Amino acid sequence: MNRRVTESVFLKGNYRVRDQISNRALILGGDEYGIQIADLLKRNGFEATIFVGFRDAHPSSPTLDVIKGKIEKITGFIGDFNVAIRTSTDLHEIRFGFIIAAQPAHRRSKTSSFGAAGLNKVYNLSEFKQFLDSSGRSLLNNDRNWRHIAFFFDLKGSSEVSQFDILLSVLDRLEMLDQVQSYIFTRNVKVASGGLEARYRYHRQHGVVFFKFDETEPRIVQDGKNLIIEFVEPLLREEMELTPDIIVIDEILSPADSLEPILNLIPSAHVSAPYLQPESTRFNGVETQKAGIYAVGPARGAFDQESLKADVEAVMISLFKAMPQLSDFTPKLVAHVDHDKCTFCLTCVRLCPHGAIGFHSRPEVDPLSCKACGVCVVECPMGAIEMRCGDVVPPTTEKPLLYGAGFKGHGRIKLFLCARSGLQAASRINSSLLSDVEICELTCAGSLSPNFLLKCFRDGVAGIIVAGCFKGNCASIYGSTLADERVAQVSRTLEQAGIDPKRLEFVYVAGNTPSLIVEAIFKVKGRVGDLNQFQFPDSHDGTT
Amino acid sequence: MKKDVLIVGGGITGLSLSWELSCLGINSILVEKAPFLGGHVSQFACKATETCQKCGACLLEDCLSKLAGAECSDILVNSTIDSFREASRKFNALILQRQSQVINEKCDDCGLCSKVCPVEGALLRPSLDSRLYISNNKCLKSLGIQCEACAQICPQGAIELAEKTKEIKIEASAVAVCTGFTPFDASRKPRLGYQRVPGVLTTLELDSLLRTGNFEPLLPADELKSVAFIQCVGSRDAKSGANYCSRICCGVSIRLARLLKNKYPQAESTIFYMDTQTFEREFDKTFGQAQNEMTFVRAMPAEIRSGEDGRPEVTYHGNDDTKQKVAFDLVILSIGIGPRDPDLPRSFPTLWNNRDGFIGSDDIDVSGGHPGIFVAGANQGPKSITDCVSQSILAASQIKKYLDRVKMGEQL
């Protein structure tokens, strides 16, 4: 884009210019997928360092750069993260451009929920799979004299599809042993992945017994040396007992617990914790709220092999997308802190959903991480933050938050629409319904200030509708929720000022719900009715 | 026209792939048969109650608005691939684009055109809140018959009919097939009463009805008190040729049931199921909440008939080993995702068929079985909207890898 504009911005010193962009990525997790990512990055001109914890196995690949230790702290932004790692000897501070969380899933054993922790005939599913894999052909001798093997799946907490995949491959192996009979005790089989249903059906038809429970769950009782499973047979509704040779129980999967330092880096991450990626359809692939931090597989709550494989390449794509931004500094709308007004209250640092504001002797907005959601602009008690596009400052300080007031006509009703939802929906509305409303585009509903709403009323607007994304769908996590609260606050102010608060309406919408906006327009139009423009009482000039 | 990638199909996968490629600086041209973009997703309702239910239907709007500003992605609607040829690692395709259209700016939705049109479905709305389109496969004028009824009656002059088709020649280095799925035809299971018993709908129909925000054409809102959802219609059913789980239906039904409850608080839902599939992270929490909001019955109904009061009656084998008959106001068949013939010219290279009867590879991999041809989205296997978007990112990555290799080869 316009490179000259950018350069002039940087010369003026509006933004903190980075002296150098690091193309080194820190990959947390050194299992198969961590190594794959490292390889892929290296082949594409990036540098990669793999980090593993003290207790983790050292990655097998000899050519990789590996660091073992504990992450104490991470600070910084995309292209310029500062990571403090304590190794067995020293505390290192290393600069990285990107951070990729690719640790294997944390497996929590369910044995204790069945009161069977530590019993020597009880295995965890992954342990058992490992045992089968390592025993190879010797397993065929069945020297352990296994006859009856019971599997617990999806009991005491629901299980992932990937666990069922493992269970089926275990059954594949056991099929080779003649005398082994497998019993599966489960609530639901999880077959929502390619080919699993066919494999499940195969085993069902080839002798594996499945018991599916609804209300009651089986219990494990210890009787001397034997383990007994007591259960109510779901079809016959009779109490039964089974004495298996061993019991294999599946595990609960969760993200690695070492994500703490990263979660601390993103203020809005408490909403999604323990996962790094918010549970929102706005975040595709491996992107997280914060630029430069990517969540692979378990870190974003996806545990199946397919997602993991796709995520490995998605990391690559995300880095490719980020690089031109890093090198070109394309001008875009970003927040800018006026340091003369700032009183170091750090509200912005605490609230920025994208972790784009850091504190280096004073609050600084990182232009590459800023998504222009405007949450900080409105929340700053000193009014010290405003949005700027490149070096073009919006002409009036009256409307610091609005850019590109869209569409046409200056109606009596004003619509403030989030560009990610409301505006898309409004573009689907037949223009005849929008003839006497004025549409203003917001980057996020969170960028609308209560003062501005009051000013609009003072300027003679009869009704205002604010539309933001549904809770859980806001790309700035809590932008629309904040907007909802602010509108409620303004409504109270209006009521105190003797103005009908029903003139102001907040609606949650999505890009495909134009009907909700139409509904709101009719509602507010009906309330405003034939009322003339009204005067704000002098004592309330709207600046409260 | 020279392009890097030819994308076949303008559903969520194709559109999202087009966007991902444009982010990587790769030129693409997207060819869509229908007059509108978005495919199935354009008919889906937003399932949000007070909070977003993460169905992903709004990702389409997101994708379309992003693409509006993208520089290197071209889109052709109303177009079909007429012929296809491969020569020295380049694919040459001849695209036929039909030109008839309704001009959105002029149209004031008076509906006169639909009244005079002699062919059903020639003037179509993909969803009830959408604008009007001319389906060129059905419009008589496009088929060479002199009919201009709609254009003559339109008071706004908003309908442009054209006999001619435009020919566009495209040379591309890679092709991505994103032709989507066929929803299971519920009338193939006659005992479930679809199209025979009034009040039996599919999830797809309910979804598009809910999109408009009102249900009135079907049932007065306050009369909707009980709804049954029947899971696994056309999935996990080897007899119907669907020996796979469609992945999405558990999520779809639970979301729809919640949406109904939100719109019509007196509507109680019952879900008949085999197994519930994990479709969200922290599924236990979601499912636990769902169990408080609706009833789950583990049974596959034997048949659905019209009861004495005219409401559909579900017969199933109850928990206490007896035959149960319960009447509901609405019965929703949660239909599965089936493979779809991509409708490509005969000269198109043969694509892989995978284990579940879809095209493409067995794995998450997007290769199509021929160098330079990629298969992504729901035509490769059942996928949710977010899965499709994720796969389009993977496809973009693999296409980039392939194009880089081809370029290297050229230099050598």
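Residues numbered from 1 in each chain as written. Chains lettered and ligands numbered in written order. Predicted model: local features only at pLDDT ≥ 70, side-chain atom pairs only at ≥ 80, totals over all residues. Heavy atoms only, no water.

Enquirer: What's the story with the sheet that holds strand β16 (residues 303–306) of chain B in this structure? I'm lost.
Expert: Strand pairing in a sheet takes place through backbone hydrogen bonds and is either antiparallel or parallel in direction. Residues and elements named next belong to chain B. Overall, antiparallel pairing links the three strands, which are arranged β16-β17-β18 in an open sheet. The sheet is open, and its two edges are formed by β16 and β18 (323–327), each paired on a single side. Here the strands of the sheet are splayed against their neighbours by 25° on average, with no regard to which way each runs. Relative to strand β17 (residues 312–317), β16 runs antiparallel, the two sharing four bridges. Of the residues in β17, the one forming a bridge with Arg305 is Glu313. (Pairing = 2+ DSSP bridges. Helix = DSSP H or I, 4+ residues; strand = E, 2+ residues; numbered from the N terminus. Axes fitted to C-alpha atoms, helices over the stretch in contact; angles between N-to-C directions.)

Enquirer: Would you take a moment to explain the domain arrangement of chain A for this structure?
Expert: In many reports, interface size means the accessible area that the parts give up when they come together. If you check the domain split of chain A, you get domain 1 (3–104 + 256–328), domain 2 (107–253), domain 3 (333–389) and domain 4 (413–528). When each unit is reduced to the centre of its C-alpha atoms, the spacing between domain 2 of chain A and domain 4 of chain A is 55 Å. (Domains from an automatic or database assignment.)

Enquirer: Sorry, what's going on with the interface of chain A and chain B here?
Expert: Taken together, the contact pairs 57 residues of chain A with 56 residues of chain B. Both sides together, the interface formed by chain A and chain B hides about 5100 Å², and carbon and sulfur atoms give 46% of it. Contact with chain B buries area across many residues of chain A, yet A:Glu279, A:Thr281 and A:Asn512 alone supply 14% of it, more than any other trio. Applying the counting criterion to the chain A and chain B interface returns 32 residue pairs in polar contact (both at pLDDT 80 or more). Contributing elements (two or more residues each) for the side of chain A that touches chain B: α5 (196–205), α7 (305–328) and α13 (514–528) of chain A. Residue contributions to the side of chain A that touches chain B peak at eight residues, all from α7(A). (Contact = heavy atoms within 4.5 Å. Buried area = accessible area lost by both parts, 1.4 Å probe. Polar contact = N/O pair within 3.5 Å; in protein donor to acceptor, adjacent residues only side chain to side chain.)

Enquirer: Would you take a moment to explain the domain arrangement of chain B for this structure?
Expert: Residues and elements named next belong to chain B. The domain boundaries assigned to chain B delineate domain 1 (2–99 + 164–181 + 339–411) and domain 2 (184–337). In this structure, domain 1 and domain 2 have C-alpha centres spaced 32 Å apart. Every contact between the two is made by 23 residues of domain 1 and, on the other side, 18 residues of domain 2. A buried area of about 1700 Å², summed over both sides, lies between domain 1 and domain 2, and 59% of it is on carbon and sulfur atoms. Considering only the side of domain 1, the residues that lose the most area to domain 2 are Lys47, Gln53 and Pro382, jointly responsible for 31% of the buried surface there. Linking domain 1 with domain 2 are seven residue pairs in polar contact (both at pLDDT 80 or more), by the criterion used here. Classifying every residue of the side of domain 1 that touches domain 2 by side-chain character gives ten nonpolar, six polar and seven charged. (Nonpolar A, V, L, I, M, F, W, Y, C, P; charged D, E, K, R; others polar.)

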